[in-house]
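Close look at the chain arrangement
Residues per chain, in single letters:
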Amino acid sequence: MWRLEHDPRLSSTFGNLTILEGRLDVERLRRRLAHAALVVPRLRQRVVQAPGGFGPPRWVEDVEFDLDRHVRHISLPSRSSMQALYDLASMLTADPLDRHRPLWQFVVIDGLPRGRSALLEKLHHTIADGEAALALAMHFMDLAADRA
């Protein structure tokens, strides 16, 4: 999956857009992601090419890991439509991840109609496939609507 992206027409990044009924508590999300990064080592690791390109790439700890590089908080302009959200999510997902950092990003998007917000989860396929991404989500999501 890592080498696949040398072809600019191919991408191993996937996104998941979750639309929420209200505003997301960004600081709480950050705390949960900080905890997830402790229990899921891959979230703190980056890929390093083998010297000269001989041999497989390997995972190494990112000694400069900074959660702020992976969690963004933005807002749509006032009176934006849901289509504006979908267009933004599509553009953000297509934007390549920094290959010198851990290969994931979360973007909280405010400004949706009726006071809603959204969470865009962007992962490289070297970190998780669909099933692993769902397991990872259990570290940062509450599925019950009335949970504190």
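See above for the structure.
Residues numbered from 1 in each chain as written. Predicted model: local features only at pLDDT ≥ 70, side-chain atom pairs only at ≥ 80, totals over all residues. Heavy atoms only, no water.

**Describing unusual backbone geometry**
Residues apart from glycine generally show negative phi values, whereas peptide bonds are mostly found in trans. Within the chain, R79 stands out as a residue other than glycine whose phi angle is a positive 60 degrees. Given the relative accessible area of 84%, R79 is considered exposed. For R114, which is not glycine, the phi dihedral falls at a positive 60 degrees. (Buried < 20%, exposed > 50% of the residue type's maximum accessible area, 1.4 Å probe, protein only.)

**Regarding the sheet that holds strand β4 (residues 71-75)**
What links the strands of a sheet is backbone hydrogen bonding, and the strands pair in either a parallel or an antiparallel sense. Strand order in this open sheet of four strands is β1-β6-β5-β4, and the pairing throughout is mixed. Of all strands in the sheet, those with a lone pairing partner are β1 (13-20) and β4, marking the two edges. Each adjacent strand pair in this sheet contributes to an overall mean axis angle of 20 degrees, direction not counted. Sheet strands touched by helix α1 (residues 26-39): β4, β5 (104-110) and β6 (117-124). Its angle to β5, the strand with the most contacts, is close to 170 degrees. Strand contacts of helix α2 (residues 82-94): β1, β4, β5 and β6, with the helix running at about 155 degrees to β1, the strand carrying the most contacts. (Pairing = 2+ DSSP bridges. Helix = DSSP H or I, 4+ residues; strand = E, 2+ residues; numbered from the N terminus. Axes fitted to C-alpha atoms, helices over the stretch in contact; angles between N-to-C directions. Contact = heavy atoms within 4.5 Å.)

**Here's the deal with α2**
Spanning 13 residues, α2 covers 18 Å between terminal C-alpha atoms, matching the ideal 18 Å at 1.5 Å per step. Looking at the buried side of α2, the elements it contacts are β1, β4, β5 and β6. (Expected span 1.5 Å × (residues − 1).)

**Remarks on α1**
An ideal rise of 1.5 Å per residue puts 20 Å on 14 residues; α1 measures up with 20 Å between its terminal C-alpha atoms. Within the span of α1, buried status applies to V26, L29, R30, L33, A36 and A37. Each buried residue of α1 lies within a common arc of 120 degrees when the element is viewed along its axis, so the set occupies one face. Residues of α1 that are exposed and point more than 90 degrees away from the buried face comprise R31 and L38. The N-cap residue of α1 is D25: its side-chain oxygen and the backbone nitrogen of E27 are 3.3 Å apart. (Arc of directions from axis to C-beta. Polar contact = N/O pair within 3.5 Å; in protein donor to acceptor, adjacent residues only side chain to side chain.)

**Some points on the packing of aromatic side chains**
Overall, the coordinates contain two aromatic pairs when judged by the stated rule. Ring geometry for F65 versus W104: centroids 6.5 Å apart, planes at 35 degrees, classification tilted. In this pair, F65 is assigned in the loop between β3 (58-61) and β4 and W104 in strand β5, connecting sequence segments 39 residues apart. On the accessibility criterion, W104 (1% relative accessible area) is buried. (Phe/Tyr/Trp six-rings, centres within 6.5 Å; stacked < 30°, edge-to-face > 60°.)

**Things to note about the nonpolar core**
Within the largest apolar cluster, 17 residues are counted, with the highest numbers of intra-cluster contacts made by L33, L43 and W104. Residue assignment for this core shows that the elements contributing at least two residues are α1, β5 and β6. The element that contributes the greatest number of residues to this core is α1, accounting for five residues. With 11 residues, the next largest nonpolar core counts L76, L85, L92 and L120 among its residues. (Core = buried A, V, L, I, M, F, W, Y, C linked by side-chain atoms within 4.5 Å.)

**Structural notes on the environment of D66**
Examined against the element boundaries, D66 turns out to sit in the loop between β3 and β4. In this structure, the C-alpha to C-alpha distance between D66 and R44, residues 22 residues apart in sequence, is 8.8 Å.

**Description of the pairing of β4**
Pairing of β4 with β5, which is carried by five bridges, proceeds in the parallel orientation. Across the sheet, residue V71 finds its bridge partner in β5, namely F106. This β-α-β element, β4 to α2 to β5, shows right-handed connectivity. (Right-handed = clockwise from strand over helix to strand, strands pointing away.)

Keep in mind that these numbers describe shape and distance, not what the molecule does.
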